[in-house]
Amino acid sequence: MSIEKENKLPLFISGQGVLLFTTKEKEIVFSIKNNDKNKLFIKFNEKRVVVFNENTKEIYNDIKNNKGLINNDDAFYWFSLDSQNQILRAGIGEARLDTMIYEYKFNYIQKSEEYEKNKKYLESLNMLEYNNDIQIIRLLINPIVDSVPLKVKNTNELTMIDVAENKYLPHSGLSTIAQKLYECISGERFILNDDDFPDFSKAIEYSIKTPGCWCHEKLKGKSTEFNPSKPNINETYLRITLGKNSGDSPGIPYVLEIWPPYHFSPIHSHAKTDAIIRVLHGEINVKLFPFLSKKEIDPFGIEVFEKDEITWISPKLNQIHQLINKNEDHTCITIQCYMYGEKNRIHYDYFDYVNEDGELEQYEPDSDMGFVEFKLLMKKEWLNKK
């Protein structure tokens with residue numbers, strides 16, 4: 001194998017990292033090497049992923065792998081080098097075990113001569129070499145090692161079993177920005193039904209079900225929000241905003257979102273923001289997708305979040321999802337919090353989504369009403385109900 005029009009990119013740490021890239025080709029080859037001519041060639045084609053060791057002439061096949069480059073211009077790909085665990089992995093979309101299509105584990109007996117020799121070889125690899133057939137998206141410092149927990153727990157609630165079984169993401173494991181959002185909305189007093197209005201959630205349910213009330217009429221008016229030519233009352237939800245837009249988020253950073261039974265969002269992205277989502281009432285189903293696509297693709301994960309459970313979004317993970325309230329009896333109410341990372345200098349102000357014609361559209365996060373005004377209105381409707 002050879003690579004023409006050579007480009008080089010050093011790994012952050014020798015022997016480990018993840019390359020994310022796109023390509024329009026049907027077959028691509030790149031390598032990871034060192035200055036002593038140790039070299040791994042990685043090939044993606046339409047049928048599979050193959051890794052070839054130029055020094056030993058070994059081919060590292062995954063017998064379960066039957067997929068490589070796919071017929072989708074929106075797709076992107078990843079390859080993970082993990083010298084510490086001696087594992088090679090590859091996938092499509094977000095870099096995580098859920099999207100993996102290739103895995104090769106070196107099954108040497110730990111501490112054996114073969115194990116140590118192979119570990120030393122993998123740890124020596126420190127340079128990516130590629131041609132112009134691929135476009136680099138980013139290089140990550142750490143390899144893909146374990147699954148990523150979707151639910152966040154406060155450090156004071158975590159047990160040793162939680163950590164050992166990787167069930168939850170400690171809130172201290174969130175980015176600095178996400179921790180800021182988490183600390184704002186995770187407290188015991190951050191609730192809907194407070195002493196001031198203990199029937200708040202009931203009032204919202206009443207307003208949704210009652211013709212002439214604000215929630216009911218507002219939802220009807222939003223039926224063309226995402227697909228103007230194909231009205232769909234179920235593809236609607238209400239956005240009640242808390243605070244002001246300070247320029248550090250797409251729209252106002254704190255949003256109460258109200259999801260009546262069977263209402264859902266389009267599949268959408270989150271402007272490469274950090275985000276925290278907490279369920280305040282009911283439960284919400286979340287479908288996670290490997291990338292935003294004009295073509296129909298399957299989710300890689302589906303999770304149900306119940307009252308007071310918290311999930312997260314980062315610029316690299318959980319970015320593409322669809323929310324739906326599948327409970328036929330109860331409205332779901334969530335608090336959604338978004339903020340650009342400290343190094344984000346683009347501040348893309350839109351959530352991209354896929355409409356019913358399979359086209360990508362831009363949605364500018366807006367406000368249906370401010371929270372203080374909304375709460376007063378719900379109280380008025382509730383007290384005046386027949």
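What comes next is a walk through the structure. (Residues numbered from 1 in each chain as written. Predicted model: local features only at pLDDT ≥ 70, side-chain atom pairs only at ≥ 80, totals over all residues. Heavy atoms only, no water.)

**Digging into the sheet that holds strand β19 (residues 310–313)**
- Pairing in this open sheet of eight strands is mixed, and the strands run β13-β12-β19-β16-β21-β15-β14-β24 from one edge to the other. Single-partner strands in this sheet number two, and they are β13 (169–170) and β24 (369–370).
- In terms of strand pairing, strand β12 (residues 151–153) meets β13 through two bridges, oriented parallel. Looking across to β13, one finds that K153 is bridged to P170.
- Helix α3 (residues 176–185) contacts β12, β15 (254–259), β16 (274–281), β19 and β21 (332–339) of the sheet and is inclined by roughly 20° relative to β16. (Pairing = 2+ DSSP bridges. Helix = DSSP H or I, 4+ residues; strand = E, 2+ residues; numbered from the N terminus. Contact = heavy atoms within 4.5 Å. Axes fitted to C-alpha atoms, helices over the stretch in contact; angles between N-to-C directions.)

**Brief notes about the packing of helix α4 (residues 200–209) against helix α5 (residues 214–221)**
- One can describe the packing of α4 onto α5 by two numbers: an axis separation of 5 Å at closest approach and a directional angle of 50°. With respect to each other, α4 and α5 are oriented oblique. Crossing geometry of α4 relative to α5 is assigned as right-handed. When α4 is examined against α5, the residues S207, I208 and K209 are found in contact with a partner set consisting of W214, C215, H216 and L219.
- Looking at the contact of α4 with α5, its residues break down into four nonpolar, two polar and one charged. (Parallel < 35°, antiparallel > 145°, perpendicular 65-115°, else oblique. Left-handed = near helix turned anticlockwise from the far one by under 90°. Nonpolar A, V, L, I, M, F, W, Y, C, P; charged D, E, K, R; others polar.)

**Brief notes about the pairing of strand β17 (residues 283–288)**
- Summarising the sheet, β17 and strand β18 (residues 301–306) pair through six bridges and their orientation is antiparallel. Note on β18: the bridge partner recorded for K287 is I302.
- Note: β17 against strand β20 (residues 321–324), four bridges, orientation antiparallel. Note on β20: the bridge partner recorded for N285 is I324.

**Looking at the sheet that holds β18**
- Taken in spatial order, the three strands of this open sheet run β18-β17-β20, and their pairing is antiparallel. The two strands at the open ends of the sheet, each matched to only one other strand, are β18 and β20. Direction aside, the axes of adjacent strands within the sheet are offset by 20° on average.

**Observations concerning the side chain of H270**
- Its place among the elements puts H270 in the loop between β15 and β16.
- For H270, the side chain forms a polar contact with the main-chain oxygen of Q319, separated by 2.9 Å.
- In this structure, H270 is in contact with I313, Q319, H321, Y338 and F351, ignoring residues within four places of it in sequence. (Polar contact = N/O pair within 3.5 Å; in protein donor to acceptor, adjacent residues only side chain to side chain.)

**As for the environment of G358**
- Residue position: G358 is located in the loop between β22 (351–354) and β23 (360–363).
- Sequence-wise, G358 and V50 are 308 residues apart; in three dimensions their C-alpha atoms are separated by 32 Å.

**Let's talk about the nonpolar core**
- Within the largest apolar cluster, 38 residues are counted, with the highest numbers of intra-cluster contacts made by F30, L40, F44, F79, L88 and Y102.
- The residues touching F79, leaving out its near neighbours within four places in the chain, are G17, V18, L19, F30, I32, I42, V51, L88, R89, A90 and Y102.
- Counting residues in each nonpolar core, the second largest holds 35 residues, with L219, L238, I310 and L317 among its members. (Core = buried A, V, L, I, M, F, W, Y, C linked by side-chain atoms within 4.5 Å. Buried < 20%, exposed > 50% of the residue type's maximum accessible area, 1.4 Å probe, protein only.)

Remember, this is a structural readout, not a statement about activity or role.
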